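# Chain and residue survey
The chain contents come next:
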Amino acid sequence: MKFLVFLIIIMASVACRTEAPRLNLLQADADNGGLSLPEGFSALVVADSLGNARHIEVNEQGDIYISLARLKNDGGIVCLRDTTNDGRADEIAYFGNHHGTGIALHNDYLYFGSDTLIVRYPMIYGQLLPNEREEVVVKGFPHNTQHAAKPITFDEDGHLYVTIGAPSNACMEQSRTKGSLGMDPCPLLERHGGIWRFQAEAVNQDQVKDGERYATGIRHAVAIDWNKKERTLYAVQHGRDQLNQFFPDLYSPQESSELPSEEFLLVEPGSDFGWPYCYYDHLQTKKVLGPEYGGDGEIVGRCSAKDDPIMGFPGHLAPNDVLFYTGDMFPEKYRNGAFIAFHGSWNRAPEPQQGYFVAFVPFEGKIPSGDWEVFADGFSGQDEVKSPRDANYRPCGLAQGPDGSLYVTDDVQGRVWRIMYQ
């Protein structure tokens, strides 16, 4: 009997040691992988040259799953494992037939959001790669030529949330044409420009037949996350472009580079954030009517009935992921706050482009408790970015590891960083 108890203790000890790498075995890169971070934080490069890495998920054992915007090595998902406990992936495998953005682990399945389908694969206990048996969860999405990414997230009540972006700038009668008015009502809102809700466990669902339009008036929210503590959905939207180019009498080049805001949204059932009729101006702290619909940069009009964001960021930073931090590695100020990966855009010319950093927003309950700040910078590798092509790296995806580390992906060269606090 004593021998049996001793054996159980030894086996439990071994199991605990193999669940995930311990922080004290990790050595940060001397230059933090090129990043600048707050005092006390460090980073290491987990892997490099993986492909156009988009969103990322990390399981309880520390295995990493990343969606790819383009297939590489005949796979649209790259799977990584660290077998030596040094924090660096030494086992890398490519999997799946689709490319896309959305990726998430839910109830022993790996879900993947391609541009036209949501699929899932059964996970196999102890193995890095999922089962190849693919199940279609949702189909019937429109085939968009722009804003086609399908980010995904889940709540605790069996629901799957999917962004369906609008293939448009501002629903203009003549797309991206100087002076063109907007279609009113905008027909795109029937199947685009919002977040749809589906059953997480059902298969072969169709957007039209089975989907519920959970929220509307969102041009494109690549960044979405379900906040489990507050049981609420959040998103960060890409705002519209080219105010000066299409309406030079109303907006200067400098105003157009700063507006409209990238909107941080608290999304509730039935929310309407006003696209394409309205946009948020963080400089005036109000939602105003778009010029395609009779606005002049100050008129509010019908926008008084639309939902405001909980925060507005400067325009054209391109938020591509949001993560509510629930770990205990980082200092107290970061608990339950939001990290946002700003990918950087192209529409701030003639001003230098901005973004290319990870920001942090402190929260108290459901709303921010203070202003946003840059948390991780240095991704672009440039003092000034005139074009997105100049940036060495562009942060895209965020994930929290089992020890509380923060993972960040790049979709230019396919680098993955692990940010730690010691």
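Computed from a prediction, not measured in an experiment: that's the story for all the values here.

Regarding its fold elements, the chain presents four helices and 30 strands. Over its C-alpha trace the chain gives a radius of gyration of 22 Å, about what one expects of a compact globule, namely 22 Å for 422 residues. Dimensions of the chain along its principal axes, counting C-alpha atoms only, are 85 × 50 × 40 Å. Out of the 422 residues belonging to the chain, those deemed buried represent 59%. Accessible surface, the chain as shown: approximately 17600 Å² in total, 48% of it carbon and sulfur. Counting 36 positive and 58 negative side-chain charges, the chain places the averaged centre of each group 3 Å from the other.

Here we come to unusual backbone geometry. With an omega of 5°, the peptide bond running from D184 to P185 counts as cis. In this model, W275 is joined to P276 through a cis peptide bond whose omega is 0°. Secondary-structure assignment places P276 in the loop between β18 (271–272) and β19 (278–281). For Q242, which is not glycine, the phi torsion reads 60° and is therefore positive. Phi is positive for A318, close to 60°, though the residue is something other than glycine. Position of A318 among the secondary structure elements: in the loop between β21 (311–313) and β22 (319–324).

Take the state of the cysteines next. For the coordinates displayed, the defined rule picks out two disulfides. Across a sulfur-sulfur distance of 2.1 Å, C171 and C186 are joined as a disulfide pair. One quick way to see it: the torsion about the S-S bond of C171 and C186 is about 95°, and its sign makes the bridge right-handed. Pair noted here: C171 is in the loop between β11 (159–164) and β12 (194–199) and C186 is in the loop between β11 and β12, with a separation of 15 residues, a long-range link. Of the two residues examined, C171 and C186, each falls in the buried class. The disulfide that involves C278 links it to C303, with 2.1 Å between the sulfurs. Residues C278 and C303 are joined by a disulfide whose S-S torsion is about -95°; by sign, that bridge is left-handed. Of this pair, C278 sits in strand β19 while C303 is found in the loop between β20 (286–289) and β21, placing the two residues 25 residues apart along the sequence. With respect to class, C278 is no different from C303; both count as buried. Bonded cysteines in the chain are paired 1-2, 3-4 when counted in the order they occur along the chain. Not engaged in a disulfide, the cysteine C396 finds its nearest cysteine sulfur in C79; these two sulfurs lie 17 Å apart.

Inspection of the secondary structure puts H147 in the loop between β9 (135–139) and β10 (152–154). Judged by its relative accessible area of 18%, H147 is buried. At 2.6 Å, the side chain of H147 and the backbone oxygen of A166 are in polar contact. Excluding residues within four positions of it along the chain, H147 makes contact with G165, A166, P167, S168, R219 and H220.

Criteria and thresholds
- Residues numbered from 1 in each chain as written.
- Predicted model: local features only at pLDDT ≥ 70, side-chain atom pairs only at ≥ 80, totals over all residues.
- Heavy atoms only, no water.
- Helix = DSSP H or I, 4+ residues; strand = E, 2+ residues; numbered from the N terminus.
- Rg over C-alpha atoms; globule rule 2.2 N^0.38 Å.
- Buried < 20%, exposed > 50% of the residue type's maximum accessible area, 1.4 Å probe, protein only.
- Areas by Shrake-Rupley, 256 points an atom, 1.4 Å probe, with all protein chains shown as cover.
- Lys, Arg positive; Asp, Glu negative; His and termini not counted.
- Charge placed at Lys NZ, Arg CZ, Asp CG, Glu CD.
- Disulfide = S-S within 2.5 Å.
- Polar contact = N/O pair within 3.5 Å; in protein donor to acceptor, adjacent residues only side chain to side chain.
- Contact = heavy atoms within 4.5 Å.

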